[in-house]
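Results of the structural survey
This is what each chain is made of:
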Amino acid sequence: MEQTLSIIKPDGVARGLVGKVIQRIEGLGLKIGAIKMVHMSRFQAEGFYAVHRERPFFESLTAFMSSGPAVVMVLQGENAIARWRELMGATDYRKAAEGTLRREFATDIEKNVVHGSDAPETAAFEIGYFFNRFEIIA
Ligand code: GDP
């Protein structure tokens, strides 16, 4: 059993895509171990994306991620990290495979609807960023 952090980003929430995304997650057989809405401050968004601090899009990304409410979830299941990333699709929606959430819903390389951890270490950091262990259903 593996855990990953999933976010429906502010563009996804604003566009009313929460139900559709969760339906696809459940369709994939991943279990939601924890879920909540957060409206990140700029400071929180900067901490979450600290690994991207040197990237040219850091300012824009953290402004976007703190621009409105997002849904954060812990997803659980076998190979949860890779399976959730596969359902999300490539970062750039124009390169994302058919049937992926980003291909279907994203409008922009930045406003790409969803986030998913990319490795067990980042998943542990990202889950701990939003949830304590008592909030996660095993
Ligand atoms: P992810 O793991 O697929 O989300 O991609 P990355 O970790 O590389 O990037 C994190 C997030 O930064 C992406 O999901 C996008 O929202 C944003 N991003 C990535 N590349 C670019 C870019 O070239 N320009 C802009 N404006 N945003 C980007």
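Model, not experiment: these values are computed from the prediction.

Definitions and cut-offs
Residues numbered from 1 in each chain as written. Predicted model: local features only at pLDDT ≥ 70, side-chain atom pairs only at ≥ 80, totals over all residues. Heavy atoms only, no water. Pairing = 2+ DSSP bridges. Helix = DSSP H or I, 4+ residues; strand = E, 2+ residues; numbered from the N terminus. Axes fitted to C-alpha atoms, helices over the stretch in contact; angles between N-to-C directions. Near = heavy atom within 4 Å. Polar contact = N/O pair within 3.5 Å; in protein donor to acceptor, adjacent residues only side chain to side chain. Areas by Shrake-Rupley, 256 points an atom, 1.4 Å probe, with all protein chains shown as cover. Nonpolar A, V, L, I, M, F, W, Y, C, P; charged D, E, K, R; others polar. Buried < 20%, exposed > 50% of the residue type's maximum accessible area, 1.4 Å probe, protein only. Arc of directions from axis to C-beta. Contact = heavy atoms within 4.5 Å. Phe/Tyr/Trp six-rings, centres within 6.5 Å; stacked < 30°, edge-to-face > 60°. Lys NZ or Arg CZ within 6 Å of the ring centre and 35° of its normal.

Looking now at the sheet that holds strand S3 (residues 70-77). Ordered by their spatial adjacency, 4 strands build an open sheet running S2-S3-S1-S4, and the pairing between neighbours is antiparallel. Edge positions in the sheet fall to strand S2 (31-38) and strand S4 (114-116), since each has one partner strand and no second. Each neighbouring strand pair of the sheet contributes to a mean axis angle of 20°, computed without reference to strand direction.

What follows is about the environment of Gly128. Mapped onto the elements of the fold, Gly128 is located in helix H7 (residues 120-130). Note: C-alpha distance between Gly128 and Leu5 (123 residues apart in sequence) is 9.3 Å.

In the neighbourhood of the ligand, the contacting residues comprise Lys9, Tyr49, His52, Phe57, Leu61, Arg85, Thr91, Arg102, Ile109, Glu110 and Asn112. Take His52: an N or O atom from its side chain is 3.0 Å from an oxygen atom of the ligand. At a separation of 3.0 Å, an oxygen atom of the ligand approaches a polar side-chain atom of Arg102. Calculation on the ligand without its partners gives an accessible area of 550 Å², and the protein chains cover 79% of this total. Its residues assigned to classes, the shell around the ligand comprises 4 nonpolar, 3 polar and 4 charged.

Let us now look at the pairing of S3. Strand residues, when the strand is regular, have side chains that alternate between the two faces of the sheet. In terms of residue burial, S3 counts as a mostly covered element, since 8 of its 8 residues are buried. Where burial is concerned, the two faces of S3 agree: the one with Ala70, Val72, Val74 and Gln76 and the one with Val71, Met73, Leu75 and Gly77 are both buried. The pairing of strand S1 (residues 2-8) with S3 spans 7 bridges and is classified as antiparallel. Counterpart to Gln3 in the pairing with S3 is Gln76. Pairing of S2 with S3, which is carried by 7 bridges, proceeds in the antiparallel orientation. Residue pairing across strands places Lys31 opposite Gln76, the latter belonging to S3.

This next bit is on H7. An α-helical turn contains 3.6 residues, so a residue and the one three or four places further along point in the same direction. Along H7, the residues that are buried comprise Ala123, Glu126, Ile127 and Phe130. Within H7, the buried residues cover an arc of 100° as seen down the axis, which keeps them to one side. In H7, the exposed positions angled more than 90 degrees off the buried face are occupied by Glu121, Ala124 and Gly128. Next to the buried residues of H7 lie S1, S2, helix H3 (42-48), S3, helix H5 (80-88) and S4.

Let us look at helix H4 (residues 58-65). Those residues of H4 that sit buried are Phe58, Leu61, Thr62, Phe64 and Met65. Taken around the axis of H4, the buried residues stretch over an arc of 160°, which confines them to a single face. Contacts from the buried residues of H4 go to S1, helix H1 (10-14) and H3.

Another point: the packing of aromatic side chains. On inspection of all chains with the given rule, the structure shows 5 aromatic pairs. Ring geometry for Phe125 and Tyr129: centres 5.6 Å apart, planes at 45°, overall tilted. In this pair, Phe125 and Tyr129 are both assigned in helix H7, 4 residues apart and thus about one turn of the helix distant. Judged by its relative accessible area of 28%, Tyr129 falls in the partly exposed class. Three or more aromatic residues link up through ring pairs in this structure, and these residues are Phe48, Tyr49, Phe125, Tyr129 and Phe130. Sitting over the ring of Phe131, Lys36 keeps its end group 4.6 Å from the ring centre.

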